[in-house]
Protein chains: 2
Amino acid sequence: MNLHFAPMACSLATRIALYEAGAPASFTPVNLKSKSLADGSSFLDLAPLGQVPALLIDDGTVITESTAVLQYVADRFPESKLAPPSGLQRTRLQQWLGFIGTELHKGIFIPLLDLHASDEVKRWGRDKLASRFALLQAHLERQDLLLDEISVADAYLFTILNWTRVTGIDLSRWPAIAAYHQRLAQRPAFRKATAEEWALYQAEEANKNN
Amino acid sequence: MNLHFAPMACSLATRIALYEAGAPASFTPVNLKSKSLADGSSFLDLAPLGQVPALLIDDGTVITESTAVLQYVADRFPESKLAPPSGLQRTRLQQWLGFIGTELHKGIFIPLLDLHASDEVKRWGRDKLASRFALLQAHLERQDLLLDEISVADAYLFTILNWTRVTGIDLSRWPAIAAYHQRLAQRPAFRKATAEEWALYQAEEANKNN
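This structure is a prediction, so every number in the text was calculated from the model and none was measured.

Engineer: Can you walk me through the overall build of chain A in this structure?
Structural biologist: When you go through chain A residue by residue, the secondary structure sums to 8 helices and 5 strands. The helix and strand sequence of chain A, counted from the amino end, reads β-α-β-β-β-β-α-α-α-α-α-α-α. In summary, chain A has a C-alpha radius of gyration of 17 Å against a globular reference of 17 Å for 210 residues, a match within 12%. Principal-axis analysis of the C-alpha atoms places the extent of chain A at approximately 50 × 45 × 30 Å. Burial status across chain A gives 57% buried among its 210 residues. Once local pairs closer than 6 in sequence are excluded, the contacts in chain A between residues at least 24 apart make up 64%. Total accessible area on chain A stands at roughly 9300 Å², and carbon and sulfur atoms take up 52% of it.

Engineer: Would you mind showing me how to read the nonpolar core here?
Structural biologist: Here is a general trend for soluble globular proteins: nonpolar side chains tend to be buried in one another's company. Ranked by size, the top nonpolar core spans 63 residues in total, and within it A:F133, A:L136 and A:L146 carry the most contacts. At the level of elements, β1 (2-5), α1 (12-21), α2 (66-76), α3 (87-113), α5 (129-142), α6 (152-162), α7 (175-186) and α8 (188-208) of chain A are the ones that each hand at least two residues to this core. With 9 residues, α3(A) is the largest single contributor of residues to this core. Beyond its immediate chain neighbours, meaning those up to four positions away, A:L146 contacts A:W96, A:I100, A:L136, A:H139, A:L140, A:A153, A:D154, A:L157 and A:Y180. With 61 residues, the next largest nonpolar core counts B:A21, B:L55, B:L145 and B:Y156 among its residues.

Engineer: Please clarify how the packing of aromatic side chains should be interpreted in this entry.
Structural biologist: Geometry of an aromatic ring pair is reported as the spacing of the ring centres plus the angle between the planes. All names here are of chain A. Applying the stated criterion across every chain, the model contains 15 aromatic pairs over all chains. Plain terms: the ring middles of F133 and W174 are 4.9 Å apart, the flat faces sit at 80 degrees to each other, and that makes the pair edge-to-face. Taken together, the residues F133 in helix α5 and W174 in the loop between α6 and α7 connect sequence positions 41 residues apart. The same class applies to F133 as to W174, namely buried.

Engineer: I would appreciate a short explanation of the interface of chain B and chain A in the present structure.
Structural biologist: A common way to state how big an interface is: give the accessible area lost once the parts meet. Taken together, the contact between chain B and chain A spans 38 residues of the former and 38 residues of the latter. Carbon and sulfur atoms make up 60% of the area that chain B and chain A hide from each other, which totals about 3000 Å². When the buried surface of chain B facing chain A is broken down by residue, B:L49, B:K106 and B:W124 rank first, second and third, together holding 20% of it. On the surface where chain B and chain A come into contact, there are 2 salt bridges. Between A:E103 and B:K106 there is a salt bridge whose closest N-O contact spans 2.9 Å. Looking at the side of chain B that touches chain A, the elements with two or more residues in it are β5 (62-64), α2 (66-76), α3 (87-113), α4 (119-126) and α5 (129-142) of chain B.

Engineer: I would appreciate a short explanation of the relation of the copies chain B and chain A in the present structure.
Structural biologist: Between the two copies of the chain lies a rotation about an axis combined with a shift along it. Mapping chain B onto chain A calls for a rotation angle of 180 degrees and an axial translation of 0.0 Å; the resulting RMSD is 0.0 Å. With respect to symmetry, the two chain copies, as superposed, fit the operation of a two-fold axis.

Engineer: Any chance you could explain the pairing of β1(A) here in plain terms?
Structural biologist: Walk down a regular strand and you will see the side chains alternate between the two sheet faces. Residue and element names in this part refer to chain A. Taking every second residue as pointing to the same face, both faces of β1 are buried, with N2 and H4 on one and L3 and F5 on the other. Bridge count for β1 against strand β2 (residues 26-31) is 4 bridges, and the pairing is parallel. In the strand pairing of β2, H4 is matched with T28. Each parallel crossover has a hand, and for β1 linked through α1 to β2 it is right-handed.

Engineer: For this particular structure, what's the right way to read the sheet that holds strand β3 (residues 36-37) of chain B?
Structural biologist: Hydrogen bonds between backbone atoms are what pair the strands of a sheet, whose relative direction is either parallel or antiparallel. Residues and elements named next belong to chain B. If you trace the 5 strands from one edge of the open sheet to the other, you get β3-β2-β1-β4-β5, paired in mixed fashion. Two strands in the sheet have a free side with no partner beyond their single neighbour: β3 and β5. This element, α2, spans β4 (54-56) and β5 of the sheet and lies at about 120 degrees to β5.

Engineer: Would you explain the pairing of strand β2 (residues 26-31) of chain B in this entry?
Structural biologist: Residues and elements named next belong to chain B. Here β2 runs beside β3; their pairing, made up of 2 bridges, is antiparallel. Each residue of the ladder has a partner; that of N31, found in β3, is S36. Where β2 folds back on β3, the antiparallel hairpin that results is connected by 4 residues, among which K35 adopts a positive phi of roughly 55 degrees.

Engineer: How should I be thinking about the packing of α5(A) against α7(A) in this particular structure?
Structural biologist: In a packed pair of helices, the relevant descriptors are the angle between the two axes and the axis-to-axis distance. All names here are of chain A. For the pair α5 and α7, the least separation of the axes is 7 Å and the interaxial angle reads 70 degrees. Classed by the angle they form, the pair α5 and α7 counts as roughly perpendicular. Crossing handedness for the pair α5 and α7: left-handed. Counting all contacts with α5, which are made through F133, L136, Q137, L140 and E141, the residues of α7 involved are P175, A176, I177 and Y180. For the contact of α5 with α7, the class distribution of residues is 7 nonpolar, 1 polar and 1 charged.

Engineer: What is the right way to look at the confidence of the model for chain A in this model?
Structural biologist: Reading predicted coordinates in detail is not appropriate for stretches of low pLDDT. The share of residues in chain A with pLDDT of 70 or more is 100%, and the mean pLDDT across the chain is 97. Reported confidence for the predicted complex is 0.98 by ipTM and 0.98 by pTM.

Engineer: Help me understand the sheet that holds strand β3 (residues 36-37) of chain A in this model?
Structural biologist: Residue and element names in this part refer to chain A. Read across the sheet, 5 strands follow the order β3-β2-β1-β4-β5 without closing on themselves; strand pairing throughout is mixed. Edge positions in the open sheet fall to β3 and β5 (62-64), since each of these has one partner strand only. Strand contacts of α2: β4 (54-56) and β5, with the helix running at about 120 degrees to β5, the strand carrying the most contacts.

Procedures and definitions
Residues numbered from 1 in each chain as written. Chains lettered and ligands numbered in written order. Predicted model: local features only at pLDDT ≥ 70, side-chain atom pairs only at ≥ 80, totals over all residues. Heavy atoms only, no water. Helix = DSSP H or I, 4+ residues; strand = E, 2+ residues; numbered from the N terminus. Rg over C-alpha atoms; globule rule 2.2 N^0.38 Å. Buried < 20%, exposed > 50% of the residue type's maximum accessible area, 1.4 Å probe, protein only. Contact = heavy atoms within 4.5 Å. Areas by Shrake-Rupley, 256 points an atom, 1.4 Å probe, with all protein chains shown as cover. Core = buried A, V, L, I, M, F, W, Y, C linked by side-chain atoms within 4.5 Å. Phe/Tyr/Trp six-rings, centres within 6.5 Å; stacked < 30°, edge-to-face > 60°. Buried area = accessible area lost by both parts, 1.4 Å probe. Salt bridge = Lys/Arg side-chain N within 4 Å of Asp/Glu carboxyl O. Least-squares fit on C-alpha atoms with pLDDT ≥ 70 in both. Pairing = 2+ DSSP bridges. Right-handed = clockwise from strand over helix to strand, strands pointing away. Axes fitted to C-alpha atoms, helices over the stretch in contact; angles between N-to-C directions. Parallel < 35°, antiparallel > 145°, perpendicular 65-115°, else oblique. Left-handed = near helix turned anticlockwise from the far one by under 90°. Nonpolar A, V, L, I, M, F, W, Y, C, P; charged D, E, K, R; others polar. pLDDT = per-residue confidence, 0-100.

Put into structure tokens, the structure is as follows:
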């Protein structure tokens, strides 16, 4: 398997899931601005919308969309128990993946992170933060993880919460969310994935400024 | 099962899936403005974000998020074959559900339909339409449905495409998408669900204007 990723983008969730699963995988960085790979080839040939994650699997199939890629990784390595195999607990996982993907990722953080979004668009996104984070805060006051056990939904939510740093959101206003984020950051797979991508991200930023 | 819905909202996809599956279900309309039910009780007690669909199942559990609710209905009635049970075809279904939920529903149509969104926010949403619809057009030029067989992803996409009418998007610019939408509209379950909700929607609109 080969994960096409951009440092600290939502593809970090898939890297975390691969590390949690101990999965053999290689990693290919994507230049999201030029939509190209390091060898100059076009990323759009692989993923027509030019979005990461794009997971290339052994038969040459490309899987996109975080909610699908994460469930694929979990199901491919069932012994990692990163997703309940079926039943109502699987539905709960899908509900959290849906919430994170639509309400947080697309509904709030894409407006906040989009370089082409005006202040008015960013304000429109940020207006939804309080209700969504209140729901999360209430849930995480009651339990340590989104489900009873660690899952790919935690990898996805952790990745999105990383973005509060660059968007000026003070996570300490939601103590249960902040504590959850800090707890996950201590898990070896989360720590290793984040440290590696943070270093790549900082190198990219330094290059931009040179 | 009881589906909490609003006429012509994204919950229509779940009604279509229930009709396709021949599932025994009842339907409770939600006033999305007041977040209340007809008996005056608060919808927020059931669904904290006040969003439809909210599917109340037999043991009192509430399922939210279209991508989770639709897969639940499909898996609960496997003989309806509305979702591949597992494997790479299931991953493809989840990829389409993710695309529809994040790129179309939240990324484009929520800005366009949000009564609190300014023209600038609507323009920001609409700017993404061409690339997303080009991807769909290319896919539907090659095949009649999103997967090889009818699935809950078609019910979801059909529901979102209905919204082109009220947002002034001329679907005839994408002939394969327009033909797909018209084909699905002829299927009995799609036709029945849409006719019922369209009548309820028009009644609501008439009430607003009185």
